[in-house]
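Topology and contacts: notes
Chain residues, written in single-letter form:
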Amino acid sequence: MAVARVTRVTRVTPAPPVTPAPPAGTSQPRRSFLGVAWLGIGLAALGEAAWIFASFLKHARSTEGRQHAGGAGPSDGFAPAR
């Protein structure tokens with residue numbers, strides 16, 4: 001009776017080729033454009049959030065001490081709309 005011998009074969013995969021770094025002082029135009037674009041979008045979103053917050057606070061201060069145009073109460077006290 002023969003015994004089969006099982007061996008494990010490992011495969012060595014070569015490392016991916018290393019791309020050389022660009023020379024110092026040169027930039028990658030596409031990546032720099034995308035970075036500036038994302039920065040602009042982020043600043044616009046931050047400005048919009050600040051605008052909404054400031055509008056909310058301005059509205060709260062401007063209505064302080066004034067009578068409101070509308071009011072709550074029984075409907076008998078309101079004139080009918082024409």
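Before any of the text, the structure's been laid out above.
Within any chain, residue numbers begin from 1 and follow the written order of that chain's sequence. Since the coordinates come from a predicted model, pLDDT governs what is reported: local features require at least 70, and pairs of side-chain atoms require 80 or more to be given and counted, while whole-chain, interface and lining totals use all residues. Note that water and hydrogens are dropped before the side-chain values are worked out from all heavy atoms of the structure.

Each helix is a run of H or I in the DSSP string that is no shorter than four residues. Each strand is a run of E no shorter than two, and both are numbered from the N terminus. Helices and strands together make up the secondary structure of the chain, namely one helix and zero strands. When each of the 82 residues of the chain is scored for burial, the buried share is 0%. Entry remark: accessible area of the chain is about 8,800 Å², with carbon and sulfur atoms responsible for 64%. Throughout, exposure labels follow a simple rule: accessible area from a 1.4 Å probe, protein chains only, divided by the maximum for the residue type, with under 20% read as buried, over 50% as exposed, and the rest as partly exposed. Only the protein chains shown count as covering a residue, and every accessible area follows the Shrake-Rupley method with a 1.4 Å probe.

A word on a nonpolar patch on the surface. The patch calculation keeps residues exceeding 30% relative accessible area without a salt bridge and links them within 9 Å when they carry like charges or within 5 Å when they are nonpolar (Val, Leu, Ile, Met, Phe, Trp, Tyr). By definition here, a salt bridge exists when the distance from a side-chain nitrogen of Lys or Arg to a carboxyl oxygen of Asp or Glu is within 4 Å. A cluster of nonpolar side chains, Phe-33, Leu-34, Trp-38 and Ile-41, forms an exposed patch at the surface whose accessible area comes to about 490 Å². When you line up the elements, Ile-41 lands in helix H1 (residues 29–62).

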